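# Structural characterization, general
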There are 2 protein chains.
Amino acid sequence: MSERNRPVPSVGMVGGGQLARMTHQAGIALGVDFRVLAASATDSAALVCGDVHLGDDRGRDDLLAFGKSCDVLTFDHEHVPDPVLRELEASGVVVRPGRDALRYAQDKLRMRTRAEELGAPCPRWRAVTTVAQVEAFAEEVGWPLVLKAARGGYDGKGVWVVDDAAEALVVLERAAEAGVRLLAEEKVAFRRELAVQVARSPYGQVAVYPVVETVQRDGICHEVIAPAPDLDAAKATRAQELAIELAQALGVVGMLAVELFETAHGVVINELAMRPHNSGHWTMDGARTCQFEQHLRAVLDLPLGSPSPTAPYTVMANLLGGADPDVYSRYIHVMAKDPELKVHFYGKEVRPGRKIGHVNVAGGDYEDLLARARDAAAYLKGDPQ
Amino acid sequence: MSERNRPVPSVGMVGGGQLARMTHQAGIALGVDFRVLAASATDSAALVCGDVHLGDDRGRDDLLAFGKSCDVLTFDHEHVPDPVLRELEASGVVVRPGRDALRYAQDKLRMRTRAEELGAPCPRWRAVTTVAQVEAFAEEVGWPLVLKAARGGYDGKGVWVVDDAAEALVVLERAAEAGVRLLAEEKVAFRRELAVQVARSPYGQVAVYPVVETVQRDGICHEVIAPAPDLDAAKATRAQELAIELAQALGVVGMLAVELFETAHGVVINELAMRPHNSGHWTMDGARTCQFEQHLRAVLDLPLGSPSPTAPYTVMANLLGGADPDVYSRYIHVMAKDPELKVHFYGKEVRPGRKIGHVNVAGGDYEDLLARARDAAAYLKGDPQ
């Protein structure tokens with residue numbers, strides 16, 4: 001059902017994952033007409049959204065039909081093929097972020113090339129197709145180094161850390177079979193990982209959030225501390241400026257997340273995402289305007305909301321599924337133990353290692369908050385205490 | 001659609017108004033299976049909720065069918081007839097708050113009688129059916145006095161301030177025609193109006209929110225200041241204790257709002273509501289746990305969340321419709337002027353005087369916040385500035 005009572009714009013989000021679910025939640029307050037294109041009625045967003053279109057969220061026909069039904073089209077993932085984006089735009093659908101911007105989020109080779117042109121700090125990198133090229137690059141940056149798929153990947157992976165030429169060869173061969181282009185990157189000796197989010201509207205307004213620390217384990221984001229503790233003020237400002245410069249130069253509309261490595265000398269860009277992002281889930285309980293509301297305001301060309309934090313620190317911990325799917329029973333104990341904790345569940349089937357929700361907790365002492373958030377996540381997963 | 005992926009409880013809310021809309025919004029984070037029984041697909045909650053049952057939200061058959069489909073049944077209004085509540089409970093539906101509690105919210109004579117038994121402070125009052133009774137009561141409390149319908153009313157009204165016996169006679173006659181019982185109450189010489197909200201779970205846990213000031217004009221709540229500025233600490237504590245005592249004594253499950261008059265000597269009870277309430281909308285942007293999440297936690301017998309404020313003050317202003325229905329265009333200017341302001345729209349057709357949303361703004365200086373909230377509400381209504 002749509003908001004038929006008033007002349008408000010309609011926003012369609014492609015993809016029915018948790019980002020669409022939480023964007024719907026934010027859209028309720030804005031009073032806009034929000035709908036999702038979801039592959040299944042049991043997708044995270046489809047379970048709660050009042051206006052669900054079922055279809056292939058990467059397929060031409062369903063995307064065109066959905067796009068034409070909306071005033072603005074946006075995305076909870078970056079997997080819509082470029083030719084489909086081109087056709088959507090050619091047919092008059094308002095796509096935000098647009099195809100020209102999305103191509104930088106979809107293709108790491110394109111992103112690195114453009115970032116370098118802009119003078120943005122990147123790890124050393126090179127496009128590679130042969131072992132000889134990888135070896136030559138390794139003479140510059142040393143082993144181990146990182147191989148990345150420019151887009152997609154194989155076996156569900158897109159990033160490989162390789163120790164030597166033999167390991168690189170395996171990746172090169174498998175990538176060639178899968179038709180995947182690769183780039184090699186130096187393995188950055190980072191102190192920690194950071195992220196910064198900025199919203200940009202078609203009008204050109206930007207709103208930048210505080211720089212956060214992201215704690216990754218096994219390639220999965222486990223916790224986010226907002227703002228990043230003890231971050232040098234000049235580095236923080238530089239990271240925020242970098243995000244704004246990238247958003248402007250790449251023509252981003254909506255939320256842009258810039259994942260960064262903090263090194264001894266400054267920050268370098270790891271990845272970009274042009275949508276609400278896991279590193280910004282803390283904003284739901286820790287910022288005046290959460291990233292989902294901000295994304296909607298940006299894609300609708302509404303004035304942006306204040307990104308100010310509402311507490312000295314907010315910590316987010318992702319909830320991963322464990323062996324026992326009965327999360328709800330454990331949930332009760334977590335609520336009883338910590339009445340300040342905010343739990344966000346995605347309605348997803350519990351499977352080991354799957355992101356099924358997150359918790360936020362805000363306050364003055366980030367070490368205390370981190371301990372509480374980790375404790376809740378471990379308990380909900382069912383880990384032995 | 002329901003949350004079919006996990007064994008979570010289902011909560012059904014009777015009524016498709018803005019309270020159900022905002023309860024749905026809170027339920028998304030909790031990951032529970034939330035559904036509404038709405039009279040129309042264009043009801044405020046029906047526009048955004050993923051699981052809408054259309055039917056008569058006061059009628060026996062639709063309520064029984066809906067109630068039997070849910071683990072817990074709750075309400076966004078107090079208009080379900082008592083015999084239907086009795087039948088729901090007799091048929092095994094878990095009704096929260098239950099019929100025994102709801103009767104005190106539905107019937108002002110019953111509420112006053114019980115509150116007096118409990119020693120709770122009330123205005124002087126008397127059940128009246130004749131002008132002679134009203135005149136005898138007026139000798140005690142003076143003119144003008146207040147006549148109230150015990151339940152319902154006529155001509156869309158349930159409260160009348162009468163200056164003399166002649167005016168009282170008109171009300172008595174019309175009430176008798178409509179089959180409405182009346183009570184007379186003294187017109188309290190109050191300093192201001194206050195409200196306090198408490199949540200109570202079946203387990204017996206309670207969580208009480210700070211006492212707020214409610215600013216009424218023409219019988220409509222216009223603004224809420226949380227907490228009530230310059231309120232004597234003893235009075236504030238007494239008001240919170242009173243709410244807890246009432247919730248326990250009346251067996252409330254869910255949110256209870258107690259509307260109070262502040263007098264020179266203390267506080268007296270004006271009205272009760274057993275559901276999320278307009279006086280608690282500030283909690284959406286000003287408390288760790290908003291009243292809608294708290295209501296769900298309470299009716300599901302989950303541990304309650306912290307009711308702590310997240311800012312020194314939060315001010316809420318209701319948005320009323322004006323002559324020009326194009327609120328969305330004005331909305332943009334309000335957002336541009338005050339990026340800290342949180343707007344909550346209900347998706348309702350704009351009609352003069354109708355509540356179509358509210359704004360919240362949090363910070364340190366309540367006079368500044370009040371000016372900003374009023375300014376936004378006036379601008380959105382379309383009043384000349």
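By the naming in an unreviewed UniProt entry, chain A is N5-carboxyaminoimidazole ribonucleotide synthase, taken from Nocardiopsis mwathae. Its UniProt record gives chain A the following Catalytic activity (unreviewed entry) comment, quoted word for word: "5-amino-1-(5-phospho-beta-D-ribosyl)imidazole + hydrogencarbonate + ATP = 5-carboxyamino-1-(5-phospho-D-ribosyl)imidazole + ADP + phosphate + 2 H(+)".

### Notes on the domain arrangement of chain A
Residues and elements named next belong to chain A. If you check the domain split of chain A, you get domain 1 (10–95), domain 2 (124–186) and domain 3 (192–381). With both sides pooled, the region where domain 1 packs onto domain 3 buries about 1,700 Å², and carbon together with sulfur makes up 69% of that total. We note a salt bridge from Arg275 to Glu78, for which the minimum N-O separation is 3.5 Å. Viewed at the interface, domain 3 and domain 1 are joined by six residue pairs in polar contact (both at pLDDT 80 or more). For the side of domain 1 that touches domain 3, the secondary structure elements donating two or more residues are β1 (10–14), α1 (18–30) and β4 (72–75).

### A look at the side chain of Ser201(A)
Residues and elements named next belong to chain A. Tracing the backbone through its elements, the reader meets Ser201 in the loop between β9 (192–200) and β10 (206–208). We classify Ser201 as buried; its relative accessible area is 1%. Beyond its immediate sequence surroundings of up to four residues, Ser201 is in contact with Val253, Ala298, Asp301 and Leu302.

### So, the sheet that holds strand β4 (residues 72–75) of chain B
All names here are of chain B. With respect to topology, four strands assemble into an open sheet ordered β3-β2-β1-β4, the strand pairing being parallel. Where the open sheet ends on each side, the last strands, each with one partner, are β3 (52–54) and β4. Each strand axis lies, on average, 25° off the axis of its neighbour in the sheet, ignoring direction. With respect to the sheet, helix α1 (residues 18–30) is in contact with β1 (10–14) and β2 (33–38), its orientation differing from that of β2 by roughly 165°.

### A look at the relation of the copies chain A and chain B
The transform that puts chain A on chain B rotates by 180° and translates by 0.0 Å along the axis, for an RMSD of 0.0 Å. When the rotation and shift are considered jointly, the pair of chain copies conforms to a two-fold rotation axis. Taking C-alpha positions as reference, the residue of chain A nearest the rotation axis is Gly50(A), located at 2.1 Å. Comparing interface residues between copies, 100% of those in chain A also lie at the interface in chain B; the contact surface is shared.

### Quick look at the environment of Ala26(A)
Residues and elements named next belong to chain A. Within the element layout of this structure, Ala26 appears in helix α1. Residue Ala26 is classed as buried on the basis of its relative accessible area, which comes to 10%. Sequence separation between Ala26 and Glu117 is 91 residues; the distance between their C-alpha atoms is 36 Å. In this view, Ala26 contacts Cys290, Phe292, Glu293 and Leu296; residues no more than four positions away in its chain are not counted.

### Focus on the packing of aromatic side chains
The relation between two aromatic rings is expressed through the spacing of the ring centres and the mutual angle of the planes. Taken as a whole and judged by the stated rule, the model has 12 aromatic pairs over all chains. Taken together, a centroid distance of 4.7 Å and an interplanar angle of 15° make the contact between Phe190(B) and Phe261(B) stacked. One end of the pair, Phe190(B), is in the loop between β8 (182–186) and β9 (192–200); the other, Phe261(B), is in strand β13 (residues 254–262), and 71 residues separate them in sequence. What makes Phe261(B) buried here is its relative accessible area of 10%. Between Tyr331(B) and Phe345(B) the ring centres are 4.8 Å apart and the planes differ by 80°, which places this aromatic pair in the edge-to-face class. Of the two residues, Tyr331(B) sits in helix α11 (residues 327–337) while Phe345(B) sits in strand β16 (residues 342–345), which places them 14 residues apart along the sequence. A relative accessible area of 0% means that Tyr331(B) is categorised as buried. Ring pairing ties together the aromatic residues Tyr328(A), Tyr331(A) and Phe345(A), which thus form one cluster.

### With respect to the packing of helix α4 (residues 99–106) of chain B against helix α5 (residues 108–117) of chain B
Residues and elements named next belong to chain B. Relative orientation of the contacting elements α4 and α5 amounts to 105°, with a least axis distance of 5 Å. Classified by the interaxial angle, the pair formed by α4 and α5 is roughly perpendicular. On the side of α4, the interface is formed by Arg103, Tyr104 and Gln106, while α5 contributes Lys108, Arg110, Met111 and Arg114. In terms of residue class, the contact of α4 with α5 is made up of two nonpolar, one polar and four charged.

### Quick notes on the UniProt feature "binding site: ATP" (unreviewed entry) in chain A
Residue and element names in this part refer to chain A. In the numbering used here, UniProt assigns the "binding site: ATP" (unreviewed entry) feature to Lys108, Lys148, Glu185, Glu186, Lys187, Val188, Glu193, Asn270 and Glu271. Along the polypeptide, Glu185 turns up in strand β8 (residues 182–186). Contacts of Glu185, omitting those with residues within four sequence positions, involve Arg112, Pro123, Arg124, Trp125, Phe137, Leu145, Val146 and Lys148. Mapped onto the elements of the fold, Glu186 is located in strand β8. The class of Glu186 is buried, set by a relative accessible area of 18%. In terms of polar contacts, Glu186 uses its side chain to reach the backbone amide nitrogen of Arg124, at 2.8 Å.

### With respect to the confidence of the model for chain A
When pLDDT is averaged along chain A, the result is 95; 98% of the residues meet or exceed 70. Note that pLDDT drops below 50 for residues 1–5 of chain A; the model gives that stretch 26 contacts with residues more than four away or on any other chain.

### Side note on the packing of helix α11 (residues 327–337) of chain A against helix α12 (residues 366–381) of chain A
Residue and element names in this part refer to chain A. In contact at an axis separation of 8 Å, α11 and α12 are set at 155° when each is read in the N-to-C sense. Here α12 runs roughly antiparallel to α11, going by the angle between their axes. The two elements α11 and α12 cross, and the hand of that crossing is right-handed. Taken together, the residues of α12 that come into contact with α11 (itself represented by Val327, Arg330, Tyr331, His333, Val334 and Lys337) are Asp375, Ala376, Tyr379, Leu380 and Lys381.

### Focus on the sheet that holds strand β5 (residues 125–128) of chain B
All names here are of chain B. One open sheet accounts for four strands, arranged β5-β8-β6-β7; its pairing is antiparallel. Of all the strands in the sheet, just β5 and β7 (159–162) have a single pairing partner and so form its edges. Within the sheet, the average angular offset between the axes of one strand and its neighbour, ignoring direction, is 25°. Summarising the sheet, strand β6 (residues 145–149) and β7 pair through four bridges and their orientation is antiparallel. Across the sheet, residue Val146 finds its bridge partner in β7, namely Val161. With respect to the sheet, helix α6 (residues 131–141) is in contact with β5, β6 and β8, its orientation differing from that of β5 by roughly 170°.

### Focus: helix α8 (residues 233–250) of chain B
All names here are of chain B. With 18 residues, α8 extends 26 Å from end C-alpha to end C-alpha; this agrees with the ideal 26 Å at 1.5 Å per step. Those residues of α8 hidden inside the fold are in contact with α4, α5, β9, β13 and β14 (267–273). Where α8 begins, one side-chain oxygen reaches toward the backbone nitrogen of Ala234, 3.2 Å away; that side chain belongs to Asp232. At the exit of α8 stands Gly251, carrying a positive phi of roughly 70°.

Rules of the game
- Residues numbered from 1 in each chain as written.
- Chains lettered and ligands numbered in written order.
- Predicted model: local features only at pLDDT ≥ 70, side-chain atom pairs only at ≥ 80, totals over all residues.
- Heavy atoms only, no water.
- UniProt positions renumbered as here; feature names shortened; annotations may be inferred.
- Domains from an automatic or database assignment.
- Buried area = accessible area lost by both parts, 1.4 Å probe.
- Salt bridge = Lys/Arg side-chain N within 4 Å of Asp/Glu carboxyl O.
- Polar contact = N/O pair within 3.5 Å; in protein donor to acceptor, adjacent residues only side chain to side chain.
- Helix = DSSP H or I, 4+ residues; strand = E, 2+ residues; numbered from the N terminus.
- Buried < 20%, exposed > 50% of the residue type's maximum accessible area, 1.4 Å probe, protein only.
- Contact = heavy atoms within 4.5 Å.
- Pairing = 2+ DSSP bridges.
- Axes fitted to C-alpha atoms, helices over the stretch in contact; angles between N-to-C directions.
- Least-squares fit on C-alpha atoms with pLDDT ≥ 70 in both.
- Phe/Tyr/Trp six-rings, centres within 6.5 Å; stacked < 30°, edge-to-face > 60°.
- Parallel < 35°, antiparallel > 145°, perpendicular 65-115°, else oblique.
- Nonpolar A, V, L, I, M, F, W, Y, C, P; charged D, E, K, R; others polar.
- pLDDT = per-residue confidence, 0-100.
- Left-handed = near helix turned anticlockwise from the far one by under 90°.
- Expected span 1.5 Å × (residues − 1).

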